[in-house]
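Results of the structural survey
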Amino acid sequence: MSSRNTRPRTPSAAPSHRRSIGLRILAVAAAAATYLAGSGAAAAAAADDATPVVSRGVTIPAFYHPPADLPATNGTLIRTEPLPLGLSIPGLDGRAMPGTATRLMYRSTDSNGRPVGVTGAYIEPWAAWRGTGPRPLVAVASGTMGQGDQCAPSFSLQHPLTLTGDTVSVGYEALAVYRLLATGAAVVVTDYVGLGATDRLHTYVNRLDGGRALLDAARAARAVPGASVTAESRVGLYGYSQGGGASAAAAELHSTYAPDVPLAGTYVGAPPADLTAVIGGIDGSALVGALGWSLNGFAQSDPALRDVIEAALNDTGRAALKDTSTMCVGDAIFRYGFTKSTRWFTGGRSLTAVIAASPEAQAVLDRQRIGTLKPTGPVRVATGVQDDIVPHRQARQLAVDWCRKGGNVTYQAISLPNLGDKILTNHLVPLITDQGDAVAWMTDRLAGRTAYSNCWTMPLQP
């Protein structure tokens, strides 16, 4: 993690007004998080007093430093500024195509019930909405980008390719975002808790943090200057992979957390619904760095898991967690691809074995399980039958669980040949091949068309 920040890392080495790596760690988890993420403990300084944060050679704009005092209400805008889209052309009427973007920060509530500033982006589309009612809104939860602040989805909309000697980040979600904008729907993208925002680590695949951040992004979009969406605008939730987990969690949380959001439908692609199963899929794969992001995030928010992991890590594992905490997907693949977690833990144990040996740690993962609550409105669950990174079987089980609870579920098993074991192709290709159908399904929901469940076919579906 040496390149996360160019300033000294420990309170003893840095003046109190300087923001070290430890400023990304919650005070309640500071001592053990220091062990896991290699950072010192310090209270977050107010944004106005913060010196620039540099993550792997990328200077994070001051916009991303949350203020010390946050609004009282979830979804309240904290600040906005124009966001130049990296892929944009002028339209015939002078407006930018596919739309005009605004960077935003808004208030949400994290999994420990504390207020948190979350960043993201709102895009007002160039295309007209030709359906009924006011212009709808799609809240997009990005797929896995990494844990370094330079990996934030809103940052990637401005910089589709970040390529330095220290980091590689590709804004691959732009394709889905631009296809949604082409339908005439507005789009708001969340950066999730701690991704971009410099006061804490990103809490990767935390269902409460992710689901709440997505719902609050939909709330915040209504107040963006120049936005045409209103409180009556139909809202869709859209996500694949990490984003599929966040959109699924948001659909479950909606009725109690954000019933004011008029939810019309939710697309859930390749969701990591059962983290215990997902660990097995990721371990030893090209994306093994995601295990580091998960552990760093849960070490910050869940003391029970933090303590178990701290006791089990060896020096190699501690160094890996410290290193991955500033990485984007490209960095993690190049540095840790196909590594096995047995290298990180004492006794050559795998992460699966470490978790299984601890009821406290297993309980943390069990609380992250998606599928225990009935989702609001129609949902479309899509999963590649060959997906070996976010395993197909646990994603299918989410659809089964929701069907049993009476959910309006459209299940889509994407049948493709095995495109290569553990190298991400079985996971990523369905993202592209299903995208057209996913956007069409979402557009129908935003237009108010009825969705018909195919739960009755589940016994016949792979």
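Heads up: the structure comes first, above all this text.
Below: a short report on this structure. (Residues numbered from 1 in each chain as written. Predicted model: local features only at pLDDT ≥ 70, side-chain atom pairs only at ≥ 80, totals over all residues. Heavy atoms only, no water.)

**Examining the overall build of the protein**
Helix and strand counts for the protein come out as 15 helices and 15 strands. In the protein, which comprises 462 residues, the share counted as buried stands at 62%. Partitioning the intrachain contacts of the protein with sequence separation of at least 6 by distance along the chain shows that 77% fall at a separation of at least 24. Summed over its atoms, the accessible surface of the protein is roughly 16,200 Å², and 57% of this surface lies on carbon and sulfur atoms. (Helix = DSSP H or I, 4+ residues; strand = E, 2+ residues; numbered from the N terminus. Buried < 20%, exposed > 50% of the residue type's maximum accessible area, 1.4 Å probe, protein only. Contact = heavy atoms within 4.5 Å. Areas by Shrake-Rupley, 256 points an atom, 1.4 Å probe, with all protein chains shown as cover.)

**Considering empty space enclosed by the protein**
The method is simple in principle: a probe with the dimensions of a water molecule rolls over the atoms, and the space it marks as empty is what remains. By the definition in use, this model includes six cavities of 30 Å³ or more. Space inside the largest cavity adds up to approximately 200 Å³. Here the residues of the lining of the largest cavity sort into 17 nonpolar, four polar and no charged. Here the second largest cavity defines a volume of roughly 140 Å³. Residue assignment for the lining of the second largest cavity shows that the elements contributing at least two residues are helix 4 (207-221) and helix 5 (242-257). Among the residues making up the lining of the second largest cavity, the classes are represented as seven nonpolar, seven polar and two charged. (1 Å grid on protein atoms, 1.4 Å probe; cavity = no way out; pocket = protein on both sides within 12 Å on 5 of 7 lines; lining within 4 Å. Points joined across faces, edges and corners; volume = space filled by probe spheres on them. Nonpolar A, V, L, I, M, F, W, Y, C, P; charged D, E, K, R; others polar.)

**Describing the environment of Asn-206**
Mapped onto the elements of the fold, Asn-206 is located in the loop between strand 11 (186-190) and helix 4. With 95 residues separating them in the primary sequence, Asn-206 and Ser-111 have C-alpha atoms 7.9 Å apart. Setting aside residues no more than four positions away along its own chain, Asn-206 makes contact with Ser-111, Phe-298, Ser-301 and Gln-368. A polar contact is formed between the side chain of Asn-206 and the side chain of Ser-111, at a distance of 3.4 Å. (Polar contact = N/O pair within 3.5 Å; in protein donor to acceptor, adjacent residues only side chain to side chain.)

**Focus on the side chain of Asp-274**
Position of Asp-274 relative to the elements: it lies in the loop between strand 13 (263-269) and helix 6 (275-282). Of the polar contacts made by the side chain of Asp-274, one reaches the backbone nitrogen of Thr-276; its length is 3.2 Å. Excluding its chain neighbours within four sequence positions, the residues that come into contact with Asp-274 are Arg-369 and Gln-394.

**As for the pattern of salt bridges**
Within this structure, the stated rule accounts for 16 salt bridges. Among the salt bridges present, the one from Arg-219 reaches Asp-260, with a minimum N-O distance of 2.7 Å. One end of the pair, Arg-219, is in helix 4; the other, Asp-260, is in the loop between helix 5 and strand 13, and 41 residues separate them in sequence. Classification of Asp-260 as partly exposed rests on a relative accessible area of 35%. (Salt bridge = Lys/Arg side-chain N within 4 Å of Asp/Glu carboxyl O.)

**Digging into the packing of aromatic side chains**
For the structure on display, the rule yields five aromatic pairs. Taking the centre distance of 5.7 Å and the plane angle of 75° together, the rings of Tyr-204 and Trp-293 count as edge-to-face. In this pair, Tyr-204 sits in the loop between strand 11 and helix 4 while Trp-293 sits in helix 7 (residues 289-301), placing the two residues 89 residues apart along the sequence. The residues Tyr-204 and Trp-293 share a single accessibility class, namely buried. Pairing Tyr-336 with Trp-344 gives two aromatic rings, centres 6.2 Å apart and planes at 90°, and the pair type is edge-to-face. Here a set of aromatic residues connected by ring pairs shows up, and it is made of Phe-63, Tyr-64 and Phe-155. In this structure, Arg-103 is placed above the aromatic ring of Phe-63, and the distance from its NZ or CZ to the ring centre is 6.0 Å. Here Arg-219 stacks its cationic end above the ring of Tyr-257, 5.4 Å away from the centre of that ring. (Phe/Tyr/Trp six-rings, centres within 6.5 Å; stacked < 30°, edge-to-face > 60°. Lys NZ or Arg CZ within 6 Å of the ring centre and 35° of its normal.)

This is a description of form; function is not addressed.
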